[in-house]
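Secondary and tertiary structure notes
One-letter residues, chain by chain:
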Amino acid sequence: MKQYAIVLAFILMSANSLFAAEPDRQEKSKDSRQIVSYGFKIGFDATSLYMDDIVIDGHNLEHYNRDSQVGYNLTLFSRFNLSKIYIQTGVVANYSRTAITVDKNSWDSELTEEAQAAFSMDGYCIDLPIQIGYNFIKDGEDSMALFCGPRVRMPLVNTYNTTFVNFGKTDIEEQINNFITSMSFGLNCAIGRTFFDIEYDLGLVNISKGISYNEDQLSGNGNEIVLNRRHGTFSFSIGMIF
């Protein structure tokens, strides 16, 4: 009888240890899931152009009007959480569009009559961002963070195009750089697994590789059409993290 009591006590102690250890394993599993997180977000953006050089008909122009237009984006990402700091990488598929108008006579102050020219650009591209974030507010799964980091944009050439209006040339075509680097920064607010991002992305390199047109229309003024520019994109997105 004494032997049975010892065996029963051993079984009860083992079961108690097993159930006591289960929350610890669940907590450890929960912590391990928090080290690496995955998520997605969708949103809208508005792109503006910052013109570094505008040359039309061989004349340097400085005054232009931006026309920011709405695009959209989808992001898949992974996040590595290190206490209050996180590192996030992902892939962004987006469609952007924008336009500018410029007075071709603005190079000469004596010309009072305006001669408006315009161009617009739109297309799809793939972005590869790397962001570092800092959670300055963190309470469980709720948090608020500032983030920044570099990004490489790869326009899908077959979908990316520029439309020219009143440039005085025919057969105008533009070649876009295959890799466009930029720096982005923004604010992330999370409530549970749902979050939203407010982000601004500023281009660091020229979008345009060069512009070609019918060579029979050269006037001898050198590079007649130059549109060197960088992008600035403001975006708002909402997503979930797992």
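Whatever comes next refers back to the structure up there.
Residues numbered from 1 in each chain as written. Predicted model: local features only at pLDDT ≥ 70, side-chain atom pairs only at ≥ 80, totals over all residues. Heavy atoms only, no water.

1. As for the pattern of salt bridges
One pass over the structure, following the stated rule, counts nine salt bridges. Here Asp197 ties to Lys41 by a salt bridge, and the two come within 2.7 Å at their closest N and O atoms. Of this pair, Asp197 sits in strand β10 (residues 194-203) while Lys41 sits in strand β1 (residues 36-56), and the two are 156 residues apart along the sequence. Neither Asp197 nor Lys41 differs from the other in exposure class; each is buried. The network of salt bridges with common partners includes Lys41, Asp127, Arg151, Arg153, Asp197, Glu199 and Asp201. (Salt bridge = Lys/Arg side-chain N within 4 Å of Asp/Glu carboxyl O. Helix = DSSP H or I, 4+ residues; strand = E, 2+ residues; numbered from the N terminus. Buried < 20%, exposed > 50% of the residue type's maximum accessible area, 1.4 Å probe, protein only.)

2. Some points on a nonpolar patch on the surface
Side chains of Phe40, Ile42, Leu74, Leu76, Phe196, Ile198, Phe234, Phe236, Ile238, Met240 and Phe242 sit close together on the surface and give an oily, nonpolar patch of about 970 Å² of accessible area. Elements with a minimum of two residues in the nonpolar patch: β1, β3 (64-82), β10 and β12 (225-241). (Patch = residues over 30% accessible without salt bridge, like charges linked within 9 Å, V, L, I, M, F, W, Y side chains within 5 Å. Areas by Shrake-Rupley, 256 points an atom, 1.4 Å probe, with all protein chains shown as cover.)

3. Comments concerning the packing of aromatic side chains
On inspection of all chains with the given rule, the structure shows eight aromatic pairs. Ring geometry for Phe40 versus Phe242: centroids 6.4 Å apart, planes at 25°, classification stacked. Note that Phe40 is positioned in strand β1 and Phe242 in the segment after β12, a separation of 202 residues in sequence. The rings of Tyr72, Tyr95 and Tyr124 are connected pair by pair, giving a single aromatic cluster. (Phe/Tyr/Trp six-rings, centres within 6.5 Å; stacked < 30°, edge-to-face > 60°.)

4. Considerations on the environment of Asn81
Along the chain, Asn81 falls in strand β3. As a C-alpha pair, Asn81 and Val36 span 45 residues in sequence and 6.3 Å in three-dimensional space. Those residues in contact with Asn81, other than ones at most four positions away along the chain, are Gln34, Ile35, Ser37 and Tyr86. At 3.1 Å, the side chain of Asn81 and the side chain of Ser37 are in polar contact. (Contact = heavy atoms within 4.5 Å. Polar contact = N/O pair within 3.5 Å; in protein donor to acceptor, adjacent residues only side chain to side chain.)

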